[in-house]
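Summary of the model geometry
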Amino acid sequence: AKIYANAPVLVDEGKGENGNPWCLSFMTMFHMSNDSHLFRTASQLSAAGFSQDGTAWWKGAELFVPVYEGKLIHHFDHRWATYEADGLTSRDCTLSEKADPAFEPMPRYWVRKSEVDERLKKRNWGNDWLMSYRNITNATNERTAISVVYPRCGVSNQFPNFFVEKPPAFAACLLANFTSLVLDFAARQKIGGAALNFFLVYQLPTIPPDFYTEPRLAFITPKVLELTYTSHSLAPFARDLGHDGPPFAWDEDRRALLRADLDAFYARAYRLTRDDLRYILDPADVKGLDYPSETFRVL
């Protein structure tokens with residue numbers, strides 16, 4: 001109740017345009033069943049005479065790009081998992097792979113870039129990066145609300161896109177808010193099954209854009225930049241945030257500190273006390289070892 005008292009819901013449909021301060025919209029780009037005729041596997045593309053270049057396949061002017069699925073990503077990490085060469089089994093990416101700024105995960109399917117461009121054109125989205133969240137989740141998982149920024153490509157329906165009609169720095173702030181422990185705690189109260197549907201996302205308590213003063217933007221944006229820009233493929237996002245340098249090194253300890261800074265910042269943004277945040281992390285830490293519920297004790 002305190003969280004909701006200090007932050008509005010993400011989208012209040014009853015207020016019309018005034019209830020959507022982020023000018024936010026959602027889209028499912030490709031349905032894995034209905035659009036399956038558009039997808040190609042690596043073996044199909046190879047047999048058709050396409051040549052692989054990184055994660056893309058070329059043949060003349062025709063280009064196929066990856067289809068991203070939710071299982072491939074995690075917080076601030078578009079290289080969480082990858083498919084093996086057989087295209088059937090997936091595994092977590094290794095630390096050595098993440099330390100390589102040239103490494104990108106392999107998908108299960110590819111789709112024509114023209115199909116991706118056509119769908120994004122309908123949303124007036126011209127950026128070379130996208131943001132999405134995992135639709136498949138659970139309140140008992142380590143984390144429930146999981147979102148990420150990643151290179152422009154095809155996207156499965158269980159990994160819905162969200163578009164923000166705000167400058168890139170504000171998009172970075174919304175991403176940081178979505179990945180915060182406080183918002184995740186609220187999401188856990190909403191989930192009743194295994195799907196984080198649009199109507200549930202609309203109800204999440206979200207810090208509004210007018211909260212972000214220049215000093216606050218200056219605190220958040222560099223941290224989101226460093227956490228996300230770890231491979232060359234996200235250079236367009238980095239450039240849009242005003243960074244012209246190379247990708248940042250993947251350092252687990254450094255990343256943990258950056259994420260802790262952001263979690264503390266958002267706890268304060270929701271006007272929570274230290275004990276409130278302790279309760280969110282693990283109720284037993286505040287209420288005693290016999291307290292019957294658990295949230296983020298694993299963290």
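For the structure itself, look to the data block above.
Residues numbered from 1 in each chain as written. Predicted model: local features only at pLDDT ≥ 70, side-chain atom pairs only at ≥ 80, totals over all residues. Heavy atoms only, no water.

**Here we look at the environment of Tyr 109**
Within the secondary structure, Tyr 109 is located in the loop between α3 (95–98) and β7 (110–112). On a C-alpha basis, the gap between Tyr 109 and Leu 181 in space is 32 Å, while along the polypeptide they are 72 residues apart. Beyond its immediate sequence surroundings of up to four residues, Tyr 109 is in contact with Met 32, Phe 39, Arg 40, Thr 41, Val 65, Pro 66 and Val 67. (Helix = DSSP H or I, 4+ residues; strand = E, 2+ residues; numbered from the N terminus. Contact = heavy atoms within 4.5 Å.)

**Details of the packing of helix α8 (residues 214–228) against helix α10 (residues 252–269)**
Axis separation between α8 and α10 bottoms out at 10 Å; the angle between their running directions is 145°. Handedness of the α8/α10 crossing: left-handed. Seen from α8, the contacting residues are Arg 216, Phe 219, Ile 220, Lys 223, Val 224, Glu 226 and Leu 227; seen from α10, they are Arg 254, Arg 255, Leu 258, Arg 259, Asp 261, Leu 262, Phe 265 and Tyr 266. The class makeup of the residues in the contact of α8 with α10 is eight nonpolar, no polar and seven charged. (Axes fitted to C-alpha atoms, helices over the stretch in contact; angles between N-to-C directions. Left-handed = near helix turned anticlockwise from the far one by under 90°. Nonpolar A, V, L, I, M, F, W, Y, C, P; charged D, E, K, R; others polar.)

**Focus on the side chain of Arg 255**
If you trace the backbone, Arg 255 turns up in helix α10. Buried and unpaired, Arg 255 has Glu 252 as its nearest opposite-charge partner, separated by 5.0 Å. With residues near it in sequence (within four places) discarded, Arg 255 still touches His 75, Phe 76, Asp 77, Glu 226, Leu 227, Thr 230 and Trp 250. (Buried < 20%, exposed > 50% of the residue type's maximum accessible area, 1.4 Å probe, protein only. Lys, Arg positive; Asp, Glu negative; His and termini not counted. Salt bridge = Lys/Arg side-chain N within 4 Å of Asp/Glu carboxyl O.)

**Thoughts on the nonpolar core**
Counting 84 residues, the largest nonpolar core has Leu 10, Phe 162, Tyr 212, Ile 220, Tyr 266 and Tyr 270 as the members making the most contacts within it. Looking at which element gives the most residues to this core, the answer is helix α5 (residues 168–178), with eight residues. With five residues, the next largest nonpolar core counts Phe 50, Trp 57, Phe 64 and Trp 110 among its residues. (Core = buried A, V, L, I, M, F, W, Y, C linked by side-chain atoms within 4.5 Å.)

**A word on the state of the cysteines**
Throughout the structure, instances matching the rule amount to zero disulfides. With no disulfide of its own, Cys 23 lies closest to Cys 173 among cysteine sulfurs, the gap being 15 Å. The class of Cys 23 is partly exposed, set by a relative accessible area of 32%. (Disulfide = S-S within 2.5 Å.)

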